[in-house]
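# Examining the three-dimensional arrangement
Listed below, chain by chain, are the residues.
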Amino acid sequence: MSGGRHYAGFVARIDPHTHSAASDGTESPTALMRAAAAAGLDVLGLTDHDTWQGWEEAAAAVADTGVALLRGAELSTISHGISVHLLSYLHDPTDEELLAEATAARESRVHRAQRMVTNIARDFELTWHDVMAQATDAVTVGRPHIADALVARGHVADRAAAFAEILHPHGPYYVPYYAPDTARAIRLVRAAGGVPAMAHPRASARGRVVSQQVIADLVTAGLAGLEVYHRDHPPEAVAQLEDLARELGVFVTGASDYHGAGKPNRLGEHLTSPEVLEQIIVQGRLGLVEP
Ligand code: AMP
Ligand code: ZN
Ligand code: FE
Ligand code: FE
């Protein structure tokens, strides 16, 4: 499964951060792998929020699609009160401490979503049943499922409008959820043989972002890379992150953060170099699942 093929040295198209319907993407892992093949990708990273339950189905689609699978997750974490999405690659899926934290975040997400629905129902017709109807395959529930329920009810046109008008963190309906401290999560990922990289560190439209000093401290804790090329980063943030990554000696990635029909992000709109993929593979406990 690992190391058979070398991605450095030829122009491979690698998109290492995407979501399936196991979290808040709209496509099954199989459909996602087919979409990756149609988009001309050589390697797809499946990084559902707080779960890796989609790995098995995605891996089963590798042979058919010819797309190699990079197994990952996007872990919810919090640093100094600020939400940090931590990508973990190639960790042991049975690691008990990592499973416990992902499970705790998922369970807290359910209570949080229920409380948000209660809040929203003061002003809009909306039930928990509506949300569950939009999350039938979801191991991890998120605001996008509430958004889809709001769309189905006709309150808003699409997910983007739901976030802009109802679900944003500064609005009257927002409820936070439990997530582990980022530095602790980085240590747990490393202990599980995973490779931790910070997702969209400068996606400031979604909420507060951590300082350069905090990122430096997280590198000391074991952070291996920064996701630099991402549609939520303005050009000046990309330049700043490139400099920071060089200073700190960590790798840089780029990715689509594709969510299927739920967001405008297109597969392959940002890519990661084969050399960086090799670094992830060298550091990770697992290998790629290759055709
Ligand atoms: P949650 O994980 O429940 O806090 O919800 C955050 C998720 O919602 C992230 O995965 C984002 O991809 C998604 N999201 C954030 N803003 C938007 C938006 N404007 N349109 C669609 N999805 C969004
Ligand atoms: Zn998402
Ligand atoms: Fe994210
Ligand atoms: Fe994501």
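Before reading on, note that the structure itself is shown above.
Report follows, based on the coordinates. No experiment lies behind these values; they were computed from the predicted model shown.

### Regarding the overall build of the chain
Within the chain one finds 11 helices and 7 strands. The globule rule puts the C-alpha radius of gyration for 291 residues at 19 Å, and the 18 Å found for the chain is close to it. Dimensions of the chain, computed from the C-alpha atoms along their principal axes, are close to 55 × 45 × 40 Å. A burial count over the chain gives 57% of its 291 residues as buried.

### Quick look at the coordination of the zinc ion (ligand 2)
Taken together, Asp24 (OD), Asp24 (OD), His49 (NE2) and His259 (NE2) make up the full set of protein donors to the zinc ion (ligand 2), lying 2.1 to 2.6 Å away. Mapped onto the sequence, the donors of the zinc ion (ligand 2) take the spacing D-x24-H-x209-H. A spacing of 5.7 Å is found between the zinc ion (ligand 2) and the iron ion (ligand 3). On the criterion of sequence distance, the pair formed by His49 in strand β2 (residues 43-49) and His259 in the loop between β7 (251-254) and α11 (274-283) is long-range, its members being 210 residues apart. Of the two residues, His49 and His259, both sit in the buried class.

### What about the site of ligand 1?
Close contacts around ligand 1 come from 13 residues, with His49, Arg109, Arg112, Arg143 and Lys263 the closest. Between ligand 1 and the protein, one listed contact pairs an oxygen atom with a side-chain N or O atom of Asp24 at 3.1 Å. The contact in question runs from an oxygen atom of ligand 1 to an N or O atom on the side chain of Arg112, over 2.8 Å. For ligand 1, whose unbound accessible area comes to 500 Å², protein coverage reaches 87%. Of all the secondary-structure elements, those providing two or more residues to the shell around ligand 1 are α4 (96-120), α6 (143-152) and α7 (159-167). A total of 3 residues in the shell around ligand 1 trace back to one element, the largest contributor, which is α7. Taken together, the residues that form the shell around ligand 1 break down as 3 nonpolar, 4 polar and 6 charged.

### What about the packing of α4 against α6?
Viewed as axis vectors pointing N to C, α4 and α6 meet at an angle of 35 degrees, and their least axial separation amounts to 10 Å. In the crossing of α4 with α6, the sense of the turn from one axis to the other is right-handed. In this structure, α4 contributes Arg112, Ala113, Met116 and Ile120 to the contact, and α6 contributes Arg143, Ile146 and Leu150. Tallied by class, residues from the contact of α4 with α6 come to 5 nonpolar, no polar and 2 charged.

### Remarks on the environment of Thr253
Turning to its location among the elements, Thr253 is positioned in strand β7. The exposure class of Thr253 is buried, given its relative accessible area of 1%. Between the C-alpha atom of Thr253 and that of His200, which follows or precedes it by 53 residues, the distance is 9.8 Å. Setting aside anything within four residues of it in sequence, one finds Thr253 in contact with Leu226, Glu227, Val228, Tyr229, Thr272 and Val276.

### Quick notes on the sheet that holds strand β5 (residues 195-198)
Strand order in the open sheet formed by 7 strands is β1-β2-β3-β4-β5-β6-β7, and the pairing between neighbours is mixed. Unpaired on one side and paired on the other, β1 (14-18) and β7 mark the two borders of the sheet. Strand-to-strand twist of the sheet, defined as the mean angle between neighbouring strand axes without regard to direction, takes the value 30 degrees. In this structure, strand β6 (residues 225-229) lies alongside β7, joined through 4 bridges in parallel fashion. When the sheet's bridge partners are listed, Leu226 is paired in β7 with Val252. The sheet strands contacting helix α1 (residues 29-38) are β1, β2 and β3 (68-79), and the helix crosses β2 at an angle near 145 degrees. Together, β6 and β7 form the strand contacts of helix α10 (residues 235-248), whose direction differs from that of β6 by roughly 155 degrees.

### Side note on the pattern of salt bridges
Considering all chains together, one arrives at 9 salt bridges under this definition. Salt-bridge contacts for Glu125 lead to Arg153; the nearest nitrogen and oxygen are separated by 3.7 Å. Of this pair, Glu125 sits in the loop between α4 and α5 (128-134) while Arg153 sits in the loop between α6 and α7; the two residues are 28 residues apart in sequence, bridging distant segments of the chain. Judged by relative accessible area, Arg153 falls into the partly exposed class, the value being 35%.

### Considerations on the side chain of Thr65
Looking at where Thr65 falls in the secondary structure, it is placed in helix α3 (residues 62-65). A polar side-chain atom of Thr65 sits 3.3 Å from the main-chain amide nitrogen of Val67.

About the criteria used
- Residues numbered from 1 in each chain as written.
- Chains lettered and ligands numbered in written order.
- Predicted model: local features only at pLDDT ≥ 70, side-chain atom pairs only at ≥ 80, totals over all residues.
- Heavy atoms only, no water.
- Helix = DSSP H or I, 4+ residues; strand = E, 2+ residues; numbered from the N terminus.
- Rg over C-alpha atoms; globule rule 2.2 N^0.38 Å.
- Buried < 20%, exposed > 50% of the residue type's maximum accessible area, 1.4 Å probe, protein only.
- Donors = N, O, S within 2.8 Å, 3.2 Å for Na, K, Ca; no water.
- Near = heavy atom within 4 Å.
- Polar contact = N/O pair within 3.5 Å; in protein donor to acceptor, adjacent residues only side chain to side chain.
- Areas by Shrake-Rupley, 256 points an atom, 1.4 Å probe, with all protein chains shown as cover.
- Nonpolar A, V, L, I, M, F, W, Y, C, P; charged D, E, K, R; others polar.
- Axes fitted to C-alpha atoms, helices over the stretch in contact; angles between N-to-C directions.
- Left-handed = near helix turned anticlockwise from the far one by under 90°.
- Contact = heavy atoms within 4.5 Å.
- Pairing = 2+ DSSP bridges.
- Salt bridge = Lys/Arg side-chain N within 4 Å of Asp/Glu carboxyl O.

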